[in-house]
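# Results of the structural survey
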Amino acid sequence: MDSLSSSFLPPLPKSLIFSSFPSSSSTRVIRVPLLNVSSIRIEEKPKTISSTNTKNPSESSSNTVQKPFPSSSSSTPTNPSATSTRKKSFTSPVARKGVDNSSLPTAMFNIFDDIINKFIDPPVKSSVDPRYVLSYNFAPVDELPPTECQVLEGSLPPCLDGAYVRNGPNPQYLPKGPYHLFDGDGMLHSIKISKGKAFLCSRYVKTYKYTTERDAGGPLLPNVFSGFNGLTASAARGALSAARILAGQFNPSNGIGQANTSLSFFGNRLFAHGESDLPYTVRLTPNGDIETTGRHDFGGKLFMSMTAHPKIDPDTKETFAFRYGPAPPFLTFFRFDANGSKQPDVPIFSMTRPSFLHDFAISKKYAIFSEIQLGMNPMEMIFNGGSPVGADPAKVSRLGIIPRYAKDEAEVKWFDVPGLNIIHAINAWDEEDSIVMLAPNILSVEHTLERMELIHALIEKVRIDLRTGIVTRTPVSARNLDFAVINPSYVGKKSRYVYAGVGDPMPKISGVVKLDVSKGEQKEECTVACRMYGPRCYGGEPFFVAREPENPEAEEDDGYVLSYVHDEICGESKFLVMDAKSPNLDIVAAVKLPRRVPYGFHGLFVRESELKRL
């Protein structure tokens, strides 16, 4: 599951508790009392390709605050005693250099924050306990300048010259209270490939929230998914946030998001997305470093927020997107032309209550939205101490269809589809008077935020007959599959192949399968290829890259499947390139990474020709 950075609430604080990586003989988590971290492993960082041009220009040395924890920048060995390590004591982030404790308001805010996290709302649930959430390869890492990687197996195909960039949460500071997996500052992990060589670089997206809290030396605003459980906690953290804003510590009009969910490329710009804020533009330098160039509002035409999953038509080069929120209109649809210029909003008032809308689909004629059973649930927060975002089992899910070029919502049609809870969409296309959509259906949506290991996502083919209003659903595979992608050249068009991550359990991905969805109509097994990563090896969302993207005669599956994979036994990460046409998704190239890459969310491949246009 990805960050799902809801626009319902402001972002979250940062934190991090480390646990040891398991040895080959046993699995042991070292539990560290919150706010009392006495020692953390520090390991040598890998050598970089150059001592110059490694610092992000957006970070001046004078403004950089020493982090309150070292992030395990290299792979953690199986046997801690088998390597030389150093230990160092650390104090609470509030007491670290960079926090202006000389200011009476700041000192009072920090004390109140500690009281909330220790006594009013401590992390009592495992789903928000950083000792569990940030263990093993979910633990954050430090930034890494461009560093050459070793190709262990095979060779990197020439069509991969460019960069694979993946986004995900990587908290800047030690969480002092509850922390959810979806919380955390966005960090981009890029592997730049050129003439068979690969270079890994990891950089934070320098959002306003990140830079403000970096300069302050500690978190300033509460977490979205873990900071508002219960009325008392919500009131306390809300009051503290308001006081910090009034004191001038933070200006929410400059952005509250972490840009930690996904990436997109359109209008000759590369964007990092998190749906609680506007997108941030980033670029890759010739040596593979990542720079954040700014928060982008498209000339003042984009307001507040935008989905983390915009859809790009490969033929027209238009981009379709939306935003959602807790106040009417709960859904607003819009698009960008081929040059990246935003077109007018189309507010959709026929959505009469706030719903969790993380993703959508487009066909050549329509945009398809899924109003699911997950949304604002204030009664659960008030009476049961739960999150304000939760499941409503009495709600009937429905699909909303609107023409892609609608000027207003007059042409929106809604179709009730009980039990259909779509968080990620795969693709959609038009067939005569019908629309066909592929998407994983979350069968246990009530576990989406708190018990993700209990989630089962069943990929379905959903057919909406626009003439009769009948909706039919056909399962494509019984396996627990999500983070599914297609050949990007087939977005909005009838596609045959899907590459999906195997949840084992979610949010860990133990392998990737290739589905032939044309077989589903004949009730045949749709899985045509599979690669499991091995014992305690987990990857993330796969990504498909065509071998000949400019060849209109190329077969749909002629290309490669990419993914980062981490081995929890030896603590090492690799970048895998798999042959998409082979029955076993054969490994074409395996690249050893100079340090581990934490599990994350969505990625994107940007070709060398596109990088030059940034």
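Bear in mind the structure is a predicted one, so any value in this text is a computation, not a measurement.

Helices and strands together make up the secondary structure of the chain, namely 6 helices and 33 strands. Within the chain, the fraction of its 614 residues that count as buried is 61%. Counted over contacts in the chain with a minimum sequence separation of 6, partners at least 24 positions apart contribute 66%. On the chain, roughly 23300 Å² of surface is accessible, and the fraction owed to carbon and sulfur atoms is 52%.

Mapped onto the present numbering, the UniProt feature "binding site: Fe cation" (unreviewed entry) falls at His309, His358, His424 and His602. In three dimensions, the annotated residues from a span of 294 residues occupy one location, with a maximal C-alpha spread of 12.9 Å. The residue histidine 309 is located in the loop between β9 (290-295) and β10 (311-312) in this model. You can see histidine 602 is positioned in the loop between β32 (587-592) and β33 (603-607).

What follows covers empty space enclosed by the protein. On inspection of all chains with the given rule, the structure shows 6 cavities of 30 Å³ or more. Taken as a whole, the second largest cavity holds about 130 Å³ of empty space. What lines the second largest cavity is a set of 14 residues, among which Phe138, Leu181, Tyr599, Gly600 and Phe601 lie closest to the centre. Its residues assigned to classes, the lining of the second largest cavity comprises 11 nonpolar, 3 polar and no charged.

On to the nonpolar core, then. Ranked by internal contacts, the top residues of the largest apolar core, which has 56 residues, are Phe333, Phe360, Phe369, Ile402, Ile459 and Val498. If you look at the next biggest cluster of nonpolar residues, it comprises 39 residues, including Leu144, Leu200, Val597 and Val606.

Cut-offs used in this document
- Starting afresh in each chain, residues are numbered from 1 along the sequence in its written order.
- Thresholds applied to this predicted model are a pLDDT of at least 70 for local features of residues and 80 or more for the giving and counting of side-chain atom pairs; totals over whole chains, interfaces and linings are not thresholded and use all residues.
- Side-chain metrics in this entry use all non-hydrogen atoms of the structure; hydrogen atoms and water are not considered.
- Under the DSSP-based scheme used, a helix requires at least four consecutive residues in state H or I and a strand at least two consecutive residues in state E, with every element numbered from the N terminus.
- Note on exposure labels: buried denotes an accessible area under 20% of the residue type's maximum, exposed denotes more than 50%, and partly exposed covers the range between, all computed with a 1.4 Å probe on protein chains only.
- Note on contacts: a residue pair qualifies if any of its non-hydrogen atoms lie within 4.5 Å across the two residues.
- The Shrake-Rupley method, run with a 1.4 Å probe, gives the accessible areas here. Residue values count only the displayed protein chains as cover.
- UniProt positions are given in the numbering used here, feature names are shortened, and annotations may be inferred rather than shown by experiment.
- Cavity and pocket criteria rest on a 1 Å grid covering protein atoms alone: a 1.4 Å probe that fits but cannot get out defines a cavity, protein on both sides within 12 Å along at least 5 of 7 lines defines an open pocket, and an atom within 4 Å of a point defines a lining residue.
- Grid points are joined across faces, edges and corners, and a volume is the space filled by probe spheres set on the points.
- The nonpolar class holds Ala, Val, Leu, Ile, Met, Phe, Trp, Tyr, Cys and Pro. Asp, Glu, Lys and Arg form the charged class, and all remaining residues, Gly among them, are polar.
- Buried Ala, Val, Leu, Ile, Met, Phe, Trp, Tyr and Cys residues form a nonpolar core when they are joined through side-chain atoms within 4.5 Å.

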